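# Geometric and topological summary
Spelled out, the chains give:
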Amino acid sequence: MESSEGRAEGSGRAPRVLVVGGGIAGLGAAQRLCRHPAFPQLRVLEATARAGGRIRSERCFGGVVELGAHWIHGPSQGNPVFQLAAKYQLLREKDLSEENQLTETGGHVGLPSVSYGSSGVSVSRELVVEMASLFYGLIDQTREFLHMADAPVPSVGEYLKKEIRQRAASWPEDEETRKLKLAVLNSFFNVECCVSGTHSMDLVALVPFGEYTVLPGLDCTFPGGYQGLTNHIMASLPEDVIVFNKPVKTVHWNGSFKEASSLGETFPVLVECEDGACFPAHHVIVTVPLGFLKEHLDTFFEPPLPTEKAEAIRKMGFGTNNKIFLEFEEPFWEPDCQYIQVVWEDTSPLEDVTSELRHIWFKKLIGFLVLPSFDRSVHVLCGFIAGLESEFMESLSDEDVLLSLTQVLRRVTAPDTVCRGSHTSHVLLHHARGSAVWLEGGRPAHRSAGPTGTAARALALSPAPPLQCHGEADHVLSSDRQCLSWLEIWGC
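To keep things clear, this report deals only with the structure shown in the data block. Just so you know, these numbers come straight off a predicted model, no measurement behind them.

### Some remarks on the overall build of the chain
When its secondary structure is counted, the chain shows 15 helices and 20 strands. The 492 residues of the chain split such that 51% are buried. Restricting the contact set of the chain to residue pairs at least 6 apart, pairs at least 24 apart contribute 77%. When the accessible surface of the chain is summed, it comes to about 22400 Å², and 51% of that surface belongs to carbon and sulfur atoms.

Have a look at this one:
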């Protein structure tokens, strides 16, 4: 896909490289290339006024609050984000310890500190542990179908429900306890939807689910804010490398473009911006979110991407996750509480919900994390919600969201009175393009023709200079590998 005319060796000049997108993947690629003298002509085009993408830390409630990326999942030596954070001394000593790095979690979210039923009763710790063991055991089993020619069912959700239905048939408890067990399991389904960034696990293909690499290490946060990572990367770049407020309209590739200031030289790629500015280049790394690519696929590339690559982009799911921050005058939780689970006793993963979203959207909440207290007068909970319910919440006013969640918390913690505090509107995060990538499968309405499963993933990441597409934080390694391949191409 790269013509000899596009090679800079013929003119004796260094290659010109553009990075589209200033998230961590784009910044990581720029950092790698700027370290090498063979790539002095480098620009990062960022659509907004800030870099960092979905990494965004702000000072609220008297401390640092993560509006976007929250944890390092699997903080150990195989994790490039952990390596960078350790290099820049952004983590606590305990997070850097060998013991923390070697701890195996299976990639599962930790158990709640306390579980409240929707009727105001506390759910026993023993029952929650039993259901967590069942659910995460089944999740681990789903990864065993990787590379198998035939799967028992198309999706992760269908497999989980099939296995749960079989086990539930032999539960010895009374009907009320069995219903409570299913309700607890439903809350774990909601957690997995947040982890996978999907509306339903029925939409996530079973066979390639095991492609996700689970690294050891207890998940950790940045005491000074996740954005410290991108700030350090930006500080290592020359001042004029990043061009802000430059949304890209079209990437014209596989062509032969000229520039008035570069007589006799041609470029295989021309990046056209929304404001009419054009940037010719020998290579372009595209690191925009997958949600953006899916939305603008028909117009973002000219000529269109090869069919197999376009189908790979269409086949990958990209869901909506939201955070909700609630501030309280006084905490209603215990001092050592970290995670409050809400169990809706009238829900079950084995039953489809038919009610209108406006009546039930809040039931998709996984519960609330207790944010670290910055001082004794600040008490903040952070709720997580994914899927269509999350998208519906974006259509509500902050006042409506606050009213609904106040009612929820008063209901589940009855007879205590809670939510005496206020909800700060500017930290109700509306992030319409979501936060996680997954491979679709299971429901025909969500399928598209073309490659599926691992084939789709392989096609999406196959090399195709001079144009490369990479996604945000999870593809730091991918963009780094492409930079290394270019160094080999240019004989550096």
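On we go.
### With respect to the environment of Trp-71
Here Trp-71 lies in the loop between β4 (63–66) and α2 (80–87). You can call Trp-71 partly exposed: its relative accessible area is 29%. Not counting residues within four places of it along the chain, the set of residues in contact with Trp-71 comprises Asp-219, Cys-220, Thr-221, Tyr-226, Leu-369 and Phe-384.

### A few points about the nonpolar core
Ranked by internal contacts, the top residues of the largest apolar core, which has 46 residues, are Met-131, Phe-135, Leu-185, Phe-188 and Phe-325. Secondary structure elements with two or more residues in this core: α5 (125–142), α6 (156–168), α7 (175–196), β16 (339–343) and β18 (379–386). Every residue in contact with Phe-135, bar those within four places of it in the chain, is listed here: Leu-160, Leu-185, Phe-188, Phe-189 and Glu-192. Among the nonpolar cores identified, the runner-up in size contains 28 residues, and Leu-91, Tyr-226, Ile-233 and Ile-242 belong to it.

### Concerning the sheet that holds β16
Strand order in the open sheet made by the five strands is β5-β16-β17-β18-β15, with mixed pairing throughout. Unpaired on one side and paired on the other, β5 (114–117) and β15 (321–328) mark the two borders of the sheet. Each strand axis lies, on average, 25 degrees off the axis of its neighbour in the sheet, ignoring direction. Across eight bridges, the pairing between β15 and β18 is antiparallel. The residue of β18 that forms the bridge with Phe-325 is Cys-382. On top of the sheet, α7 reaches β15, β16 and β18; it is set at about 125 degrees to β16, its chief contact. Those strands touched by helix α13 (residues 398–412) are β5, β15, β16, β17 (367–370) and β18, and its axis lies near 70 degrees from that of β15.

### Here we look at the side chain of Thr-287
Positionally, Thr-287 belongs in the loop between β12 (283–286) and α9 (290–300). Take Thr-287: its relative accessible area is 2%, and that puts it in the buried class.

### A word on empty space enclosed by the protein
Overall, the coordinates contain two cavities of 30 Å³ or more when judged by the stated rule. There is about 50 Å³ of room inside the largest cavity. For the largest cavity, the full set of lining residues is Ala-183, Asn-186, Ser-187, Asn-190, Val-342, Trp-344, Thr-347, Lys-363 and Leu-365. Ranked by the residues each element gives to the lining of the largest cavity, the list is headed by α7, at four residues. Considering only residue class, the lining of the largest cavity consists of four nonpolar, four polar and one charged.

### Some words on the packing of aromatic side chains
For the coordinates displayed, the defined rule picks out 15 aromatic pairs. Plain terms: the ring middles of Phe-332 and Trp-333 are 5.0 Å apart, the flat faces sit at 80 degrees to each other, and that makes the pair edge-to-face. Judged by its relative accessible area of 18%, Phe-332 is buried. Centroid distance Trp-361 to Phe-362: 5.8 Å. Interplanar angle 75 degrees. Geometry classified as edge-to-face. As far as burial versus exposure is concerned, Trp-361 and Phe-362 are alike and both buried. Here the aromatic residues Phe-135, Tyr-136, Phe-188 and Phe-189 are joined through ring pairs into a cluster of three or more. Directly above the ring of Trp-171 sits Lys-181, whose terminal nitrogen or CZ lies 4.9 Å from the centroid.

### Things to note about the sheet that holds strand β10 (residues 269–273)
Pairing is mixed across the open sheet formed by four strands, whose spatial order is β11-β10-β7-β13. Among the strands making up the open sheet, the edge pair consists of β11 (278–281) and β13 (301–302). In terms of strand pairing, β10 meets β11 through four bridges, oriented antiparallel. Each residue of the ladder has a partner; that of Glu-272, found in β11, is Cys-278.

### What to know about the pattern of salt bridges
One pass over the full model with this rule turns up 16 salt bridges. The partner of Lys-363 in a salt bridge is Asp-346, with the nearest N and O atoms 2.8 Å apart. Placement of the pair is Lys-363 in the loop between α11 (357–360) and β17 and Asp-346 in the loop between β16 and α11, with a sequence separation of 17 residues. Ionic pairing is found between Glu-356 and Arg-358, a salt bridge with its closest N-O pair at 2.8 Å. With relative accessibility at 46%, the residue Glu-356 sits in the partly exposed group. The network of salt bridges with common partners includes Glu-130, Glu-173 and Lys-181.

### With respect to α7
The terminal C-alpha atoms of α7, which comprises 22 residues, lie 31 Å apart, in line with the 32 Å expected from a rise of 1.5 Å per residue. You can read the cap of α7 off the contacts: a side-chain oxygen lies 3.1 Å from the backbone nitrogen of Glu-176, and it is on Asp-174. In the segment just after α7, Gly-197 is the residue with positive phi, at about 65 degrees.

The rules behind the values
- Residues numbered from 1 in each chain as written.
- Predicted model: local features only at pLDDT ≥ 70, side-chain atom pairs only at ≥ 80, totals over all residues.
- Heavy atoms only, no water.
- Helix = DSSP H or I, 4+ residues; strand = E, 2+ residues; numbered from the N terminus.
- Buried < 20%, exposed > 50% of the residue type's maximum accessible area, 1.4 Å probe, protein only.
- Contact = heavy atoms within 4.5 Å.
- Areas by Shrake-Rupley, 256 points an atom, 1.4 Å probe, with all protein chains shown as cover.
- Core = buried A, V, L, I, M, F, W, Y, C linked by side-chain atoms within 4.5 Å.
- Pairing = 2+ DSSP bridges.
- Axes fitted to C-alpha atoms, helices over the stretch in contact; angles between N-to-C directions.
- 1 Å grid on protein atoms, 1.4 Å probe; cavity = no way out; pocket = protein on both sides within 12 Å on 5 of 7 lines; lining within 4 Å.
- Points joined across faces, edges and corners; volume = space filled by probe spheres on them.
- Nonpolar A, V, L, I, M, F, W, Y, C, P; charged D, E, K, R; others polar.
- Phe/Tyr/Trp six-rings, centres within 6.5 Å; stacked < 30°, edge-to-face > 60°.
- Lys NZ or Arg CZ within 6 Å of the ring centre and 35° of its normal.
- Salt bridge = Lys/Arg side-chain N within 4 Å of Asp/Glu carboxyl O.
- Expected span 1.5 Å × (residues − 1).
- Polar contact = N/O pair within 3.5 Å; in protein donor to acceptor, adjacent residues only side chain to side chain.

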